[in-house]
Amino acid sequence: MAAAVRAGLWHRGVISVTRRGSHSHSNTALKPQYDAIIIGAAYLQKGGLKTAVLERRHVLGGAAVSEEIIPGFLFSRASYLLSLLRPHIYQDLELKKHGLKVYMRDPYSFTPMLEDGVRGRPPPSLTLGADLAKTQKEIEELYLNLLACAIHPLLDAPPVDIPGLTQGSLRKKISALRSLKPLVKSGNDVLNRWFESEPLRATLATDSVIGANTSPNNPGSGYVLLHHVMGELEKEKGAWGYVEGGMGGVSQSIARSAQSLGADIFTNRDVEQVLIGQDGSAKGVVLTDGTEVHSKVVLSNATPYITFKQLTPQDALPEAFITAVDQIDYTSPVTKINVAVDKLPNFLAAPNSADGKPGPHHQCSIHLNCESVEVLEEAYREGQQGRPSSRPMIEMTIPSVLDPTLAPPGCHVVSLFIQFTPYLLEGRRAWTDEDRDRFADTAFDWVERYAPGFKKSIVGKDILTPADLERVFGLTGGNIFHGSMSLDQLYLARPLPSVADYRSPVKGLYLCGSGSHPGGGVMGAAGWNSALKVLADFKRL
């Protein structure tokens, strides 16, 4: 028999959740005996094991949830984009049949600049999409705009005083050197912008640090970039999309698939501890209300830390293993702010049309404070010093421009995924409400610079610092990946070499979440792989 626990799963394309949930998503009461108690239960149920889902919160799906935090506005409260849902899982569980609908995005990336445009034109920007020719043209136009911005100051500067530099007294030569300043500055700008293409580099660099406590120049950040472009959606490689009704639509469809196969699903069922039998193997779980649910195997979709330090009796685990679990890195730089607005943001670099309809750039991941990699580096350095970045990296999305079910007519939901913020301020102090509001104001001030009028349009907000992500969703340290995606915590070493095959030191206890290979965001892959292990082992139990 099998049981599984879920406390929190994230990422821009992980699992998702229902709207406000009831105590039970099943027509039956919680039974004292199951073959499986698990989140993402469809594969075990399909394999012949009677399965139940126990969700800690009132909504199903861990951290990838749809919640109406502000009346009338439905947010993908944590996870906010879909891509890394493995295609075979999509097909095996017939998720389209069970209601999953995805809005594809093209273009998919928009990076506006703060620099002034030339001769009244909007500031430069960079838009990337699936069309290679259009993307190449965008990059070419960006180069030309930046080149024009670099040379433009020479129009208002007098020519270089060549005679003064070559003739006359020393004082006259020194005075003439001042006339070189505009030319030298423009020359440096041309070299830096034309040959380095900083906005393009910075835009790509965001995916190398997104959710990770690292800088674009740190070793290993390249893997995080690859991790985020290896997915696919509707057979389009590297694509990301919005789920209708918020990211909850994914879990709704998975839940319906599992229920159609006979699985039972329950919310508000908080697991207190894994039950260990006299033979040292997992025998089920006990809930916080004292209810015992027995099974032959338990699968945990909680983080490895929660699974092995909080849910599993410590005397059931080897001391050396517990020490190793303590050393897993869960550092998180992320604060997520969900914002309800009463009008569409209007960017200086791409002004809204007269009819007020969304433009192609509004459906994109909008990268703010990404003029250069150095801007990202400085944001990272501030975070490492224990203070929120004063000019943070912001990834902004407005899913309601494609999905009208999320907000009232004319209004929108805005997601701000922000780095870098520490778990503890100055390394020792917990965030207060005042600290949260102060940082939110900093983020809103920066959005305002790119899109004037944004602050006045805000009708409500929800601020989730790393500590809040841990408290609300069970994400240890606030880490959206269930553990760092650093090179020493990947593949055969994820989360630890001894449990990389999803089996734990306790017989019948398995990991099935993002803390296992292949890591955060690859929705369903760990669950599918662990289900195969369970089904193989179950025959021998």
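Residues numbered from 1 in each chain as written. Predicted model: local features only at pLDDT ≥ 70, side-chain atom pairs only at ≥ 80, totals over all residues. Heavy atoms only, no water.

1. Quick notes on the side chain of Thr335
Item 1. Tracing the chain through its elements places Thr335 in strand β17 (residues 334–341).
Item 2. For Thr335, a relative accessible area of 0% translates into the label buried.
Item 3. A polar side-chain atom of Thr335 sits 2.8 Å from a polar atom in the side chain of Thr421. (Helix = DSSP H or I, 4+ residues; strand = E, 2+ residues; numbered from the N terminus. Buried < 20%, exposed > 50% of the residue type's maximum accessible area, 1.4 Å probe, protein only. Polar contact = N/O pair within 3.5 Å; in protein donor to acceptor, adjacent residues only side chain to side chain.)

2. A look at the packing of helix α7 (residues 198–209) against helix α12 (residues 373–384)
Item 1. One can describe the packing of α7 onto α12 by two numbers: an axis separation of 8 Å at closest approach and a directional angle of 45°. The pairing of α7 with α12 is recorded here as oblique in orientation. Residues Glu198, Arg201, Ala202, Ala205 and Thr206 of α7 form the contact with α12, whose own contacting residues are Val373, Glu374 and Leu376. (Axes fitted to C-alpha atoms, helices over the stretch in contact; angles between N-to-C directions. Parallel < 35°, antiparallel > 145°, perpendicular 65-115°, else oblique. Contact = heavy atoms within 4.5 Å.)

3. Notes on the confidence of the model for the protein
Item 1. In this model, the protein carries a mean pLDDT of 82, and residues with pLDDT of at least 70 account for 77%.
Item 2. In this model residues 1–23 is a low-confidence stretch, pLDDT under 50, and it forms 174 contacts with partners more than four residues away in sequence or in other chains.
Item 3. Across residues 154–158, confidence stays below pLDDT 50; counting only partners more than four residues off in sequence or on other chains, it has 5 contacts. (pLDDT = per-residue confidence, 0-100.)

4. What to know about the sheet that holds strand β20 (residues 412–419)
Item 1. In spatial order, the strands read β8-β7-β18-β19-β20-β17-β21; together these 7 strands make up an open sheet with mixed pairing. A strand with exactly one partner marks an edge of an open sheet, and here the two such strands are β8 (125–128) and β21 (458–464). Sheet twist, expressed as the mean angle between neighbouring strand axes with direction ignored, is 20°.
Item 2. Two strands pair when backbone bridges link them, and β17 and β20 are joined in this way by 8 bridges, in the antiparallel orientation. (Pairing = 2+ DSSP bridges.)

5. Considering the sheet that holds strand β13 (residues 271–276)
Item 1. The antiparallel open sheet is built from 3 strands, whose spatial order is β13-β14-β15. Pairing within the sheet leaves two strands with one partner each, and these edge strands are β13 and β15 (292–294). Strand-to-strand, the axes of this sheet are offset by a mean angle of 25°, without reference to chain direction.
Item 2. The pairing of strand β14 (residues 282–287) with β15 spans 3 bridges and is classified as antiparallel. Its bridge partner lying in β15, Val285 is registered against Val293.

6. Some points on α7
Item 1. Between the first and last C-alpha of α7 there are 16 Å, a value that for 12 residues agrees with the 16 Å anticipated at 1.5 Å per step.
Item 2. Most of α7 is tucked away: 10 of the 12 residues are buried.
Item 3. Burial in α7 covers these residues: Glu198, Pro199, Leu200, Ala202, Thr203, Ala205, Thr206, Asp207, Ser208 and Val209.
Item 4. Following α7 by one or two positions, Gly211 adopts a phi angle in the positive range, close to 80°. (Expected span 1.5 Å × (residues − 1).)

7. Quick notes on the packing of aromatic side chains
Item 1. Overall, the coordinates contain 7 aromatic pairs when judged by the stated rule.
Item 2. Seen from their ring centres, Phe110 and Phe347 are 5.8 Å apart, and the 80° between their planes marks the pair as edge-to-face. With Phe110 in strand β7 (residues 109–112) and Phe347 in the loop between β17 and β18 (365–368), the pair connects residues that are 237 residues apart, well separated along the chain.
Item 3. Phe110 gets classed as buried once you look at its relative accessible area, which sits at 1%.
Item 4. Given the relative accessible area of 1%, Phe347 is considered buried. (Phe/Tyr/Trp six-rings, centres within 6.5 Å; stacked < 30°, edge-to-face > 60°.)

8. Brief notes about the pattern of salt bridges
Item 1. As enumerated under the stated definition, the model contains 22 salt bridges in all.
Item 2. Residue Glu94 is joined to Lys97 by a salt bridge in which the shortest nitrogen-to-oxygen separation is 3.8 Å.
Item 3. For Asp537, the salt bridge goes to Arg503, with nearest N and O atoms at 2.8 Å. Of this pair, Asp537 sits in helix α16 (residues 525–538) while Arg503 is found in the loop between α15 (466–473) and β22 (509–511), placing the two residues 34 residues apart along the sequence.
Item 4. For Asp537, a relative accessible area of 7% corresponds to the buried category.
Item 5. Among the ionic contacts, a cluster of salt bridges with common partners joins Arg57, Glu67, Arg77 and Asp462. (Salt bridge = Lys/Arg side-chain N within 4 Å of Asp/Glu carboxyl O.)

9. Re the nonpolar core
Item 1. Membership of the largest hydrophobic core comes to 34 residues, with the highest contact counts inside it found for Leu376, Met393, Phe417, Leu469 and Phe473.
Item 2. Contributions of two or more residues to this core are made by α7, α12 and α15.
Item 3. In terms of residues, this core owes the most to one element, α12, which gives 4 residues.
Item 4. The next biggest cluster of nonpolar side chains, apart from the first, holds 30 residues, and it includes Ala349, Val414, Tyr450 and Ala451. (Core = buried A, V, L, I, M, F, W, Y, C linked by side-chain atoms within 4.5 Å.)

10. Quick word on the side chain of Glu377
Item 1. Locating Glu377 in the fold gives a position in helix α12.
Item 2. Although Glu377 is buried, it makes no salt bridge; Arg381 carries the closest opposite charge, 4.0 Å away.
Item 3. For Glu377, the contacting residues outside a window of four places in its chain are Ser215, Pro216 and Asn217. (Lys, Arg positive; Asp, Glu negative; His and termini not counted.)

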